[in-house]
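A structural walkthrough
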Amino acid sequence: MPELPEVETTLRGVSPSLAGRSVTDIVVRNAALRWPVPGEVRLAVGRTVGDCRRRAKYLLFGIEGADGGLLVHLGMSGSLRVVPADQPPARHDHIDLLFDDGTCLRYNDPRRFGCFLWLEPGEQHPLLRALGPEPLSP
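Residues numbered from 1 in each chain as written. Predicted model: local features only at pLDDT ≥ 70, side-chain atom pairs only at ≥ 80, totals over all residues. Heavy atoms only, no water.

1. Things to note about the sheet that holds strand S5 (residues 79-84)
Spatially, 4 strands are ordered S1-S6-S7-S5 in an open sheet, and the strand pairing comes out antiparallel. The open sheet is flanked by strand S1 (23-28) and S5, the only strands paired with a single partner. Ignoring strand direction, the axes of neighbouring strands in this sheet form an average angle of 20°. Across 5 bridges, the pairing between S1 and strand S6 (residues 93-99) is antiparallel. (Pairing = 2+ DSSP bridges. Helix = DSSP H or I, 4+ residues; strand = E, 2+ residues; numbered from the N terminus. Axes fitted to C-alpha atoms, helices over the stretch in contact; angles between N-to-C directions.)

Put into structure tokens, the structure is as follows:
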């Protein structure tokens, strides 16, 4: 499982390419991850990515004007990469978020133990509810 520093490194690596970008499409090649990818993730299409943050080992991507966002966990072997949208997907590339600048956030997970879920606003998602304080937070 990716450790906390790897998740933070992933966040810092992808967030500059996402923040302020408009999502033009979402391609789900395999919805059978740890939990099925819900249809609500399509609420991000046509909207802009806002804040990108980490909570424990979860990556949270706010979607402006959608009353929610995306909650991503890398599982044991998952990764997120920013690639050109026209780059052909590899075998375990399950989800693509396509952006207005011709780039793509690609979720790859050989074991499919990760998750890609919709996060409702103002609600404490069950996966986040019991987490303790962040190690560097006040």
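2. Focus on the side chain of histidine 125
Here histidine 125 shows up in the loop between strand S8 (115-119) and helix H2 (126-129). Apart from residues no more than four positions distant in its own chain, histidine 125 is found in contact with Leu71, Leu117, Trp118 and Leu119. (Contact = heavy atoms within 4.5 Å.)

3. Thoughts on the pattern of salt bridges
Between side chains of opposite charge, a pair can form when the charged atoms approach closely. A complete count under the given rule lists 13 salt bridges for this structure. Between aspartate 96 and arginine 29 there is a salt bridge, with its nearest N and O atoms 2.4 Å apart. Separated by 67 residues along the polypeptide, aspartate 96 in strand S6 and arginine 29 in the loop between S1 and strand S2 (48-55) bring together distant segments of the chain. On the basis of relative accessible area, aspartate 96 is assigned to the buried category, the value being 3%. Bridged by salt links that share partners, the residues Glu8, Arg12, Arg54, Arg55 and Glu134 form one connected network. (Salt bridge = Lys/Arg side-chain N within 4 Å of Asp/Glu carboxyl O. Buried < 20%, exposed > 50% of the residue type's maximum accessible area, 1.4 Å probe, protein only.)

4. Things to note about the packing of aromatic side chains
In this description, a pair of aromatic rings is defined by centroid distance and the angle of the planes. Applying the stated criterion across every chain, the model contains 1 aromatic pair. Just above the ring of tryptophan 35 sits the side chain of arginine 34; from NZ or CZ to the centre is 5.7 Å. (Phe/Tyr/Trp six-rings, centres within 6.5 Å; stacked < 30°, edge-to-face > 60°. Lys NZ or Arg CZ within 6 Å of the ring centre and 35° of its normal.)

5. What to know about helix H1 (residues 4-18)
The terminal C-alpha atoms of H1, which comprises 15 residues, lie 21 Å apart, in line with the 21 Å expected from a rise of 1.5 Å per residue. Considered for burial, the residues of H1 that qualify are Val7, Thr10, Leu11, Val14, Ser15 and Leu18. (Expected span 1.5 Å × (residues − 1).)

6. Remarks on the pairing of strand S3 (residues 58-64)
Burial within S3 is extensive, with 6 of its 7 residues counted as buried. Pairing of S2 with S3 involves 6 bridges; the strand directions are antiparallel. Of the residues in S3, the one forming a bridge with arginine 53 is leucine 60. The loop that links S2 with its antiparallel partner S3 comprises 2 residues; one of these, alanine 56, has a positive phi angle of about 55°. Following S3, the chain reverses through 3 residues before pairing antiparallel with strand S4 (residues 68-73); glycine 65 in that reversal takes a positive phi of roughly 75°.

That is the geometry; function is a separate question.
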